[in-house]
Amino acid sequence: MISLDLIQRTAERLMEKAAIEIPEDYLDGLKATAAVEDGDLSSFVLQAMLENYEAAKEDRRAMCGDTGCPRWYVKMGNEARIEGGPIALEAALRRATARATHDIPLRPNRVHPLWRTDHDNNVGIGAPEIEYGFEPGGDWIDLITVHKGGLFGTDYRMLFPSDGIQGIRRFFLDSLVAFGKRGLACQPAIIGIGLGGSKDACMVLGKRAACLRTVGSRNSDPRIAALEDELKVLGNSIGMGAMGFVGKSMVVDCNIEVGYCHTGGMQMSVHAFCLSSRRAVARLWGDGRVEYRTDPDWFTDYQRRETVEWTVPQDQNEFA
Amino acid sequence: MDRSAGPKRIRLSTTPSREDLARLRIGDVVHLDGLIYTAREGVYMRACEQGDALPMDLPHESAANFHCSPAATVEADGSFTMGAVTATASFRFSKWIGEWFRLSGAKLIIGKGGMTSADYREHFVPNGAIYLTTVGYGTGALLGRGIKGVKALHWREDLGLAQAMWVLEAENMGPFIVESDLEGNSLFERENERISQNLARVYEGTKPAVLRRFGETDDRSDELIG
């Protein structure tokens, strides 16, 4: 049984880590990007960002003043049991969100869409979002918080099979060029792309591709992995860098996730995470153990399964 | 990084003289000293549309308007905990900026992403003001270090923490990049022009979507297909 107290305390710690500590994979990716950037202003911006990450950690202060919209992904091993059940879990995550907003502090960004009323704690109707996934075996839960930034840098389009790869390239470029001007997408960023599903599923896939996969990860389908490489190079060849200045750093990495869709369509979504790619993860066990990490490891073979039945592959039994 | 090769760095008062501003070139890097206040749509609506009197003496106390909501907390004893500060996108405030200059006498508008050179020529140049953009975006921790205290918090009850008017004491606060000069030139527009020259080549190997969208045509009788 995983205790509620442990869940809430861990969730508060995750909120702080996400807001303050840039994940190592993104930091390495940004350093690699900075190393090849030759635009004067773009280079200055990237160096300032690298200094900013250090300042945040030294001062234990949020990386960015816009601390985004905190959200939660909960992945449960099939054998996990939670004290009080899922209702108690959700209450603990809402309490942790409100408390961490005050204590860190985070900006209380969340308001009612029409009345603009504000609880000053990032909690409200539908906020924070809590999404779930499950894994075979496992007596643990993974708590993942993402503080997604940016009002800009996300778009959706219904493409069709006849649009093909050329149409995918076009919409990818359209999104980066449109949102990259003046740096509104807060680039260079991890760009997530959703392909297929339905409109809502496509948006979810793209957002998860941006927020729940690390820099350097590749889709398990080698042809999709090749497209990820191709689009990363394409995005960095626009001639645009950080803040929309002349340069070549738009995409720290490009991650694509797919879902089966209607035979006539090819939905596509594009999501830019931001320069403060805020995510933090912890695995909690019933015996009270907690392990922190920055890789959500969301897209397992199980999450990408395409068969009716699922059996754990023989060589993965030891991890199950 | 070899700083000598980077952009020019300048310390600037938040009540700058015209001569101070005339020396700045687009692309210069600025750090600020003095009082700076936040004002965005909430403050603009109260001041410009409802005609409420400003709660501080502007531009005497500060001529620096920051498009920002800080990540900050008001503690039970009334003290403030200041976290990170980062600007919000300024283009959305164009409709109020002319009236705001008249009311506030601001000389520095600080925000994210700049405004259009049309706004600069129409509103900024006649008021002798320039635009400074934050860097990144998201050097919130560095900017937070440059804030030495909160002098006042106005209109909090009515507007909430995010939209309230925060009066902040800045010391060597930055970096900011000079986006517009006293003649109304825009750094972002200069950069966009240079980037646009390359775009046709980048778009080779792509094709328009078979189903278009309104916005890609303004003809509402267009069927959008083909």
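Basis of the calculations
Residues numbered from 1 in each chain as written. Chains lettered and ligands numbered in written order. Predicted model: local features only at pLDDT ≥ 70, side-chain atom pairs only at ≥ 80, totals over all residues. Heavy atoms only, no water. UniProt positions renumbered as here; feature names shortened; annotations may be inferred. Helix = DSSP H or I, 4+ residues; strand = E, 2+ residues; numbered from the N terminus. Buried < 20%, exposed > 50% of the residue type's maximum accessible area, 1.4 Å probe, protein only. Contact = heavy atoms within 4.5 Å. Lys, Arg positive; Asp, Glu negative; His and termini not counted. Charge placed at Lys NZ, Arg CZ, Asp CG, Glu CD. Areas by Shrake-Rupley, 256 points an atom, 1.4 Å probe, with all protein chains shown as cover. Domains from an automatic or database assignment. Buried area = accessible area lost by both parts, 1.4 Å probe. Salt bridge = Lys/Arg side-chain N within 4 Å of Asp/Glu carboxyl O. Nonpolar A, V, L, I, M, F, W, Y, C, P; charged D, E, K, R; others polar. Axes fitted to C-alpha atoms, helices over the stretch in contact; angles between N-to-C directions. Parallel < 35°, antiparallel > 145°, perpendicular 65-115°, else oblique. Left-handed = near helix turned anticlockwise from the far one by under 90°.

- Under the annotation held in an unreviewed UniProt entry, chain B carries the name L(+)-tartrate dehydratase beta subunit and is attributed to Cereibacter johrii.
- What UniProt states about chain B under its Sequence similarities (unreviewed entry) heading is, verbatim, "Belongs to the class-I fumarase family."

- An unreviewed UniProt entry lists chain A under the name L(+)-tartrate dehydratase alpha subunit, from Cereibacter johrii.
- Looking at the Sequence similarities (unreviewed entry) heading of the UniProt record, one finds this comment for chain A: "Belongs to the class-I fumarase family."

## Some words on the overall build of chain A
Point 1. Counting secondary structure elements, chain A contains seven helices and nine strands.
Point 2. C-alpha atoms of chain A, sized along the principal axes, occupy 55 × 50 × 45 Å.
Point 3. In chain A, buried positions account for 59% of the 320 residues.
Point 4. Taking contacts inside chain A between residues at least 6 apart in sequence as the whole, the part at least 24 apart equals 80%.
Point 5. Averaging the locations of the 37 positively and 45 negatively charged side chains of chain A gives two centres separated by 4 Å.

## Section: the overall build of chain B
Point 1. When helices and strands are counted, chain B shows seven helices and nine strands.
Point 2. Projected onto the principal axes, the alpha-carbon positions of chain B cover approximately 65 × 45 × 35 Å.
Point 3. Counting only residues that meet the buried cut, chain B has 57% of its 226 residues in that class.
Point 4. Here the analysis covers contacts within chain B between residues at least 6 apart in sequence; of these, 65% occur between residues at least 24 apart.
Point 5. Summed over all atoms, the accessible surface of chain B reaches about 9600 Å², with 47% contributed by carbon and sulfur.
Point 6. With 26 positive and 31 negative side-chain charges, chain B shows a separation of 5 Å between the mean positions of the two kinds.

## Remarks on the domain arrangement of chain A
All names here are of chain A.
Point 1. Taken as a whole, chain A is organised into domain 1 (4-17 + 63-148 + 279-319) and domain 2 (150-272).
Point 2. The straight-line distance from the C-alpha centre of domain 1 to that of domain 2 is 24 Å.
Point 3. Between domain 1 and domain 2, the contact holds 15 residues from the first and 17 residues from the second.
Point 4. Between domain 1 and domain 2, roughly 1500 Å² of surface is buried when both sides are summed, and carbon and sulfur atoms account for 52% of that area.
Point 5. Contact with domain 2 buries surface across domain 1, with Lys148, Phe299 and Arg304 losing the most and accounting together for 45% of the total.
Point 6. Joining domain 1 to domain 2, the criterion identifies two salt bridges.
Point 7. Across the pair Glu257 and Arg304 runs a salt bridge, and its minimum N-O distance is 2.7 Å.

## Regarding the interface of chain B and chain A
Point 1. The interface of chain B with chain A comprises 70 residues on the first partner and 61 residues on the second.
Point 2. Where chain B abuts chain A, roughly 5200 Å² becomes buried across the two surfaces, and 59% of that area is made up of carbon and sulfur atoms.
Point 3. If you sort the residues of chain B by the area they bury against chain A, Arg145, Tyr203 and Lys207 of chain B come out on top, with a joint share of 12%.
Point 4. One salt bridge in this structure joins Glu179 of chain B and Arg182 of chain A, with 3.9 Å as the shortest N-O distance.
Point 5. Of all the secondary-structure elements, those providing two or more residues to the side of chain B that touches chain A are strand E4 (72-74), strand E5 (80-82), strand E7 (130-134), helix H5 (140-145), helix H6 (156-163), strand E9 (165-178) and helix H7 (187-202) of chain B.
Point 6. If one sorts the elements of the side of chain B that touches chain A by residue count, H7 of chain B sits on top with twelve residues.
Point 7. Classifying every residue of the side of chain B that touches chain A gives 31 nonpolar, 21 polar and 18 charged.

## A look at the UniProt feature "domain: Fe-S hydro-lyase tartrate dehydratase beta-type catalytic" (unreviewed entry) in chain B
Point 1. Taking the numbering used here, the UniProt-annotated feature "domain: Fe-S hydro-lyase tartrate dehydratase beta-type catalytic" (unreviewed entry) corresponds to residues 7-189 of chain B.
Point 2. Between the C-alpha atoms that bound residues 7-189 of chain B the distance is 18 Å, and the span itself is 27% helix and 30% strand.

## A few points about the packing of helix H3 (residues 94-104) of chain B against helix H4 (residues 117-124) of chain B
When two helices pack together, their arrangement is given by the angle between the helix axes and by the axis-to-axis distance.
Residue and element names in this part refer to chain B.
Point 1. Running from amino to carboxyl end, H3 crosses H4 at an angle of 20°, the nearest separation of the two axes being 10 Å. In terms of their interaxial angle, H3 and H4 are classed as roughly parallel. Considering how the two elements wind past one another, H3 and H4 form a crossing that is right-handed. In this structure, H3 uses Ser94, Ile97, Gly98 and Phe101 to contact H4, whose residues at the interface are Asp119, His123 and Phe124.
Point 2. When its residues are assigned to classes, the contact of H3 with H4 shows three nonpolar, three polar and one charged.

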